[in-house]
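Here are the chains, one letter per residue:
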Amino acid sequence: MSQGLPAAGGVSVLQRGVAAPGNPPQPQSPEDDDRKVRRREKNRVAAQRSRKKQTQKADKLHEEYESLEQENAMLRREIAKLNEELQQLSLALKEHEKMCPLLLCPVNFVPGLRPDPVASCLPR
């Protein structure tokens, strides 16, 4: 039979105040009771501190999460804006390429004939 488990009569060894085999019973002195009370109070205070610290840590993590969510949303908006700008610039470039004198000039396509390709292809 182990400590804390009910004995044959349904009462645990600890509840009856009987020591387990090998441990002689020790009477409770007022000093022992005081020590027990102080230890319990100290443990209670330590547990409160631990719970408070855990709550503060969770609060800090939640604040960090909120901040990162806001930053993420802002970055996504910026990406969308930059993609829109890229599309507009790509369209403008395609339109420009259709009429660019530098791209249409035959001198630019002949190897070795480049004295001044820009000057020779611009309208005079």
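Residues numbered from 1 in each chain as written. Predicted model: local features only at pLDDT ≥ 70, side-chain atom pairs only at ≥ 80, totals over all residues. Heavy atoms only, no water.

- As recorded in an unreviewed UniProt entry, the chain goes by the name Basic leucine zipper transcriptional factor ATF-like 3, listed as coming from Octodon degus.
- Database annotation for the chain, UniProt heading Sequence similarities (unreviewed entry): "Belongs to the bZIP family." (UniProt positions renumbered as here; feature names shortened; annotations may be inferred.)

1. Section: the overall build of the chain
And then number 1: A tally of helices and strands in the chain yields four helices and zero strands.
And then number 2: Going from the N terminus to the C terminus, the chain shows its helices and strands as α-α-α-α.
And then number 3: The 124 residues of the chain split such that 6% are buried.
And then number 4: In the chain, the share of contacts with a sequence separation of at least 24, taken over all contacts with a separation of at least 6, comes to 0%.
And then number 5: About 11,400 Å² of surface is accessible on the chain, with carbon and sulfur atoms providing 58% of the total. (Helix = DSSP H or I, 4+ residues; strand = E, 2+ residues; numbered from the N terminus. Buried < 20%, exposed > 50% of the residue type's maximum accessible area, 1.4 Å probe, protein only. Contact = heavy atoms within 4.5 Å. Areas by Shrake-Rupley, 256 points an atom, 1.4 Å probe, with all protein chains shown as cover.)

2. A word on the pattern of salt bridges
And then number 1: Taken as a whole and judged by the stated rule, the model has three salt bridges.
And then number 2: As a salt-bridge pair, Arg44 and Glu41 come within 2.5 Å of each other at their nearest N and O atoms. A residue pair is termed a helical-turn pair when its members lie 3 or 4 positions apart in one helix, as Arg44 and Glu41 do in helix H2 (residues 30–99) at three residues.
And then number 3: The exposure class assigned to Arg44 is partly exposed, which follows from its relative accessible area of 38%.
And then number 4: For Glu41, a relative accessible area of 37% translates into the label partly exposed.
And then number 5: One salt bridge in this structure joins Glu95 and Lys98, with 3.3 Å as the shortest N-O distance. (Salt bridge = Lys/Arg side-chain N within 4 Å of Asp/Glu carboxyl O.)

3. Let's talk about the confidence of the model for the chain
And then number 1: Put simply, the chain has an average pLDDT of 80, and 63% of its residues get 70 or more.
And then number 2: The lowest-confidence element of the chain is helix H1 (residues 13–16), averaging 48 in pLDDT; the highest-confidence one is H2, averaging 96.
And then number 3: Overall, residues 12–16 carries pLDDT values under 50, and its contacts beyond four positions in sequence, including any with other chains, amount to eleven contacts. (pLDDT = per-residue confidence, 0-100.)

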